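Spelled out from the first residue to the last, the chains are:
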Amino acid sequence: MLKYSNLHLLLMLTLTIMVSTEKINAQVYPTTELELEEIVISFEVPKAIVTDMFVMYDGNTVYLPLVKVFTLLDINVEANFLTRKIEGFYLTKERRFEFDLAKNQIKVFGEEIPFLASNYYFGEDDLYIKLDAINQIFNLNADFDFTLLRVFLRLDEDFPIYKKLKRRIAREKLDKEEIALKDVVDIQYSRQYLSGGTLDWVLSANPVGGRNKHYYNLRFGGMALGGDLQLSSGGSVGDVDSKLFETDQFNYKWHYVFHNNKFISQAEVGDVAGGGALSRTVTGGMLTNRPQVRRKFFQSILINDFIGPNWEVELYVDNKLTDYMMTESDGMYEFSTDIYYGSSDIELRMYGPNGEYQTKEHIARVPYSLIPKGEFEYAIAAGEGFENHTKKNFVQTNSLYGVTHNITVGVSSEIPLAMDEDSKPLIGFEATYQIIGNMTFNTALIPSYLNRARINYSLPSVLNVNASFSKFALNPLKNPLDRKYSAQIALSSPLKIFGQNVGVRYNVTYDKYEISTSINMNYGFNISANPFYITYIGQYKINNSAFHIDNSIASQMLFSTNIIKFIRPQFRVNYNHSTSEIEKYGFFFAKRIFRTSQVSFSYERNNRSQSNTFMVTVNLLKSFADFTSRVLKNDNAVSYNQMQKGSIRYDSQNNSFHFDRKNAIGFGAAVVKPFLDDNYNGVMDNDEEYLEGLRAKIKGARVNVTGGTTQRKYFYNNLRPYEDYTIQIDKYSLDNPMLKPTHENYKVKINPNVVTSIKVPIVTASELSGKVERQLGSIKTGLGGFKIYVMNLSKETLIELPTFNSGDFYYLGLIPGSYRAYIDKNELDKYGYVSDPPYIDFEIKPLAGGSFIENINFVLSSKSN
């Protein structure tokens, strides 16, 4: 700091002497004398530029070199000093500028700028413009501070240099993520044959009203015989009709997964369904080769086109950078990217060598009814089901085949095991055809029962249209009401009117029966115009038969506002257009109390029954359970209800219980258990101890943290069963900086209903130090600002280290392994250096207290020498 103050004082003193003793007579045509002096200042743009710059000083302000400044900002500029002309475009090609000092003409963004000679000085290698003038011409915001000898230009995020910096940072982040994911340990799947488990519970008490009857429902989940098991039951107590165990509420399902088997992927026993156009639920068994984890990936596509040489092209998928490239002399770009089910927003952002900018966007939609080309899926189910309230045994089959990337065909069948006059085997054919990216056609043909066609058109954020038509055959079992045909049209559109969000929807269904017809129409809109929110729902029904005609039209209006933030009231009105009267009206408001509870009050007036209903509800949301208490009063009675629900998960490996207010059945959980691996064998030995506080990132997981600052434990909930998860370890989360995980990523398959423990070996990290020096003759001096890369040769992971001003570098955090250290080749080429040695290999051995690697030294010399 003292050194900087002395240097700054010396610069100011020198400047004062030079300005007071010398002058520069600057000639600008026509002749105008300016008293200018060339000085060195610091030119700064936050987050983008800090550099020294020669400027002209007139005793009050500075004249900035236009070409130099615009070059630093990466703004397009061309200079011809012989003709005294400077031109280019500012940010976009449409915003051109031209300074023709030979003619004293200035044209900026299509407008002539009055020429004032005192604002300009044309030097030998640049055009210097007065600070106030350049601010006004280009709408910049720059200040000159004589005390600091600094010009500070406030950041405009449209500056090309800032955009390029953001692109570089995003690309470096992408590269680091790709490198980090190379260090992944695949944990072998562990099949569990008896492990419990999880319990979802619901209790409901009615001490006032409701005949003092109380209910319960329990769902149990665990692992048995290598598969996952679910049991559910319920009952009631409190009156003579109560049953502690209701047999019709008892259900079960056992599910087994065959990993890496393309012929059989799953087996189920319990309540199963084969799927397809003839699917029904039966109690029995099922075999299938469908993927256990719902498909995400559909296909890879190639994206290529011509744009021009030396363009930067970035590929974004769902607004996330996934790849980038620089075009070569042929001007072509090419990417291979994956397409997933649902909707994928693919965008190309292209940056030209002269500041050009182009984008191309494409929405790729893949309906879930399509399967990849060449894939075959089947399901076979058999068991007991109901048909017209009669129990019967059935065999069901369903198969699908991907003919092309946009056509999938299938066959379904249902075979009753006990044949009678009405029960006959059925076979159905179905197909899905993606006509264009936004339009999909589905059809199902089932002789002696149903022919159906559906079409969907979707333009994201603009319009969604669904239309279907079904024709039914005479079939007493499948079509007992003798429906002839049915048609439906549904429209929805999220509009923006006067800057406000307006959602519009419309749905109409027409059903034709043997003796009647019916039309059901639903329509509405919702307006979000902060602080007011309005929702309208309309309904129109026509039932026409040989005996009577019944028409009805009804509307419901919901209005809410957040002007009164204390309670945020909501109002509702139901109007019957057929009777021209208001049937119901009421209001509702809620108030949050503390962080985990809420009190709400509602009132409703029913004009048809001439009754009033009041309700008060208290919700208490705790981490381990939800509690709801409700008091309901109408004109004749009062009732009181209490309901509690939550889940309990038992961790058999760690002998602990975890309570949660959300359901847990069918989901997995994980806990990361770090241990100090003193002998570096990757296995938890008897004499090694567990550590606390290691944090991890698991995509899609809910994280519960228990324990204090020094005894933190992280528990990860809501994990999808049998899915492969990548556990990303936060290597900086341990309190002791000397401790580091041996690997940063773990890949594990999660079992449902149980807790999966992920043991993470931790070792004492080693230190590294060295120096970068430049050699000039016999003199060596340290070089700061160079990048040193340290590569783990076995994992192919990189660590980037900067050198200090003295040329020294230091790092704490290397785990045992073989390494190679070298200097960034791009920086060597940039400054014309060669490194001696080119690289240094070294090894870190596993030691209880770590080790210290030093003398990783590099000497740089000029290539010309």
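Residues numbered from 1 in each chain as written. Predicted model: local features only at pLDDT ≥ 70, side-chain atom pairs only at ≥ 80, totals over all residues. Heavy atoms only, no water.

On average, the chain scores 87 in pLDDT, and the residues at 70 or more come to 95%. Between the elements of the chain, mean pLDDT differs from a low of 44, seen in helix H1 (residues 2–21), to a high of 95, seen in strand S3 (residues 62–65). Contacts of residues 1–11 to residues separated by more than four positions or lying in other chains number four contacts, the stretch itself having pLDDT below 50. Within the model, the stretch residues 13–32 combines pLDDT values under 50 with 34 contacts to residues more than four positions away or in other chains. (pLDDT = per-residue confidence, 0-100. Helix = DSSP H or I, 4+ residues; strand = E, 2+ residues; numbered from the N terminus. Contact = heavy atoms within 4.5 Å.)

Read across the sheet, seven strands follow the order S9-S10-S3-S2-S1-S12-S11 without closing on themselves; strand pairing throughout is mixed. Each edge of the sheet is formed by a strand with only one pairing partner; in this case those strands are strand S9 (120–122) and strand S11 (142–145). Across the sheet, the axes of successive neighbouring strands diverge by a mean angle of 30°, strand direction being ignored. Here strand S1 (residues 37–45) runs beside strand S2 (residues 49–57); their pairing, made up of nine bridges, is antiparallel. Following the sheet pairing, isoleucine 41 is matched in S2 by methionine 53. (Pairing = 2+ DSSP bridges. Axes fitted to C-alpha atoms, helices over the stretch in contact; angles between N-to-C directions.)

Two strands pair when backbone bridges link them, and strand S27 (residues 390–404) and strand S28 (residues 407–416) are joined in this way by ten bridges, in the antiparallel orientation. Each residue of the ladder has a partner; that of threonine 397, found in S28, is serine 413. If you look at the hairpin formed by S27 and S28, you'll find two residues sitting between the two strands. Alignment of S28 against strand S29 (residues 426–436), held across eight bridges, turns out to be antiparallel. Across the sheet, isoleucine 407 pairs through a bridge with tyrosine 433, a residue of S29.

Another point: the sheet that holds strand S51 (residues 745–749). Pairing within the open sheet is mixed, and its four strands lie in the order S13-S51-S49-S46. In the strand order of this sheet, the two ends are held by strand S13 (184–186) and strand S46 (696–697), each with one partner. Both strand S49 (residues 724–729) and S51 contribute to a ladder of five bridges, which runs antiparallel. Looking at the pairing, threonine 726 lines up with lysine 747 of S51.

With that settled, consider the environment of aspartate 836. Mapping aspartate 836 onto the fold places it in strand S59 (residues 833–836). Residue classification places aspartate 836 among the exposed residues on the basis of a relative accessible area of 53%. Separated by 395 residues in sequence, aspartate 836 and phenylalanine 441 have C-alpha atoms that sit 67 Å apart. Beyond its immediate stretch of four places on either side in the chain, aspartate 836 contacts Asn857, Phe858 and Val859. (Buried < 20%, exposed > 50% of the residue type's maximum accessible area, 1.4 Å probe, protein only.)

With that settled, consider the side chain of aspartate 824. In this fold, aspartate 824 is placed in the loop between strand S58 (817–823) and helix H5 (825–831). Buried charge without a salt bridge: aspartate 824, with lysine 787 as the nearest opposite-charge side chain at an N-O distance of 4.5 Å. A distance of 3.1 Å separates a polar atom in the side chain of aspartate 824 from the backbone nitrogen of asparagine 826. Leave out the neighbours within four places in its chain, and aspartate 824 touches Lys787 and Tyr789. (Lys, Arg positive; Asp, Glu negative; His and termini not counted. Salt bridge = Lys/Arg side-chain N within 4 Å of Asp/Glu carboxyl O. Polar contact = N/O pair within 3.5 Å; in protein donor to acceptor, adjacent residues only side chain to side chain.)

Here we come to the packing of aromatic side chains. Geometry of an aromatic ring pair is reported as the spacing of the ring centres plus the angle between the planes. Counting across every chain of the model gives 44 aromatic pairs. For the ring pair tyrosine 90 and phenylalanine 109, a centre distance of 6.0 Å and an interplane angle of 45° mean the geometry is tilted. Within this pair, whereas tyrosine 90 is found in the loop between strand S5 (85–89) and strand S6 (96–100), its partner phenylalanine 109 is found in the loop between strand S7 (105–108) and strand S8 (111–113), the two being separated by 19 residues in sequence. Take tyrosine 90: its relative accessible area is 3%, and that puts it in the buried class. The partly exposed category is assigned to phenylalanine 109, whose relative accessible area is 27%. Geometry around phenylalanine 109 places arginine 95 over its ring, the cationic atom sitting 4.2 Å from the centre. (Phe/Tyr/Trp six-rings, centres within 6.5 Å; stacked < 30°, edge-to-face > 60°. Lys NZ or Arg CZ within 6 Å of the ring centre and 35° of its normal.)

This brings us to a positive patch on the surface. A contiguous patch of positive charge, built from Lys173, Lys320, Lys697 and Lys699, is present on the exposed surface. Take lysine 699: it is sitting in the loop between S46 and strand S47 (702–706). Judged by relative accessible area, which is 73%, lysine 699 ranks as exposed. (Patch = residues over 30% accessible without salt bridge, like charges linked within 9 Å, V, L, I, M, F, W, Y side chains within 5 Å. Areas by Shrake-Rupley, 256 points an atom, 1.4 Å probe, with all protein chains shown as cover. Charge placed at Lys NZ, Arg CZ, Asp CG, Glu CD.)

Our focus in this paragraph is the environment of serine 652. For serine 652, the location among the structural elements is in the loop between strand S43 (638–651) and strand S44 (656–660). You can call serine 652 partly exposed: its relative accessible area is 37%. Remark: the alpha-carbon pair of serine 652 and valine 755, spanning 103 residues in sequence, is separated by 7.6 Å. Aside from chain neighbours lying at most four places away, what touches serine 652 is Ser195 and Gly196.

On to helix H3 (residues 131–138). Counted residue by residue, H3 has six buried out of eight residues, so it is predominantly covered. Where H3 is concerned, the buried positions are Leu131, Ala133, Ile134, Asn135, Ile137 and Phe138. Note on H3: the residue one or two positions beyond its end, asparagine 139, has a positive phi of about 55°.

Before going further, it helps to spend a moment on the pairing of strand S54 (residues 779–782). Relative to S54, strand S53 (residues 766–776) is paired through four bridges, and the arrangement is antiparallel. Bridging across to S54, arginine 774 finds its partner in threonine 781. Where S53 folds back onto S54 in an antiparallel hairpin, the turn is made up of two residues, including glycine 777, whose phi is positive at roughly 70°.

Moving on to the nonpolar core. If you look at the biggest cluster of nonpolar residues, it comprises 42 residues, and the most contacted ones within it are Phe99 and Phe138. The element best represented in this core is H3, accounting for five residues. Contact partners of phenylalanine 138, with chain neighbours within four places excluded, come to Leu66, Phe70, Tyr90, Phe97, Phe99, Val108 and Phe109. Membership of the second largest hydrophobic core comes to 25 residues, among which are Leu783, Ile815, Ile840 and Ile853. (Core = buried A, V, L, I, M, F, W, Y, C linked by side-chain atoms within 4.5 Å.)

Put simply, asparagine 530 and proline 531 share a cis peptide bond, and its omega is 15°. Among the structural elements, proline 531 can be located in the loop between strand S35 (516–529) and strand S36 (532–545). The peptide bond linking aspartate 836 to proline 837 adopts the cis configuration, its omega dihedral lying at -5°. Within the element layout of this structure, proline 837 appears in the loop between S59 and strand S60 (839–844).

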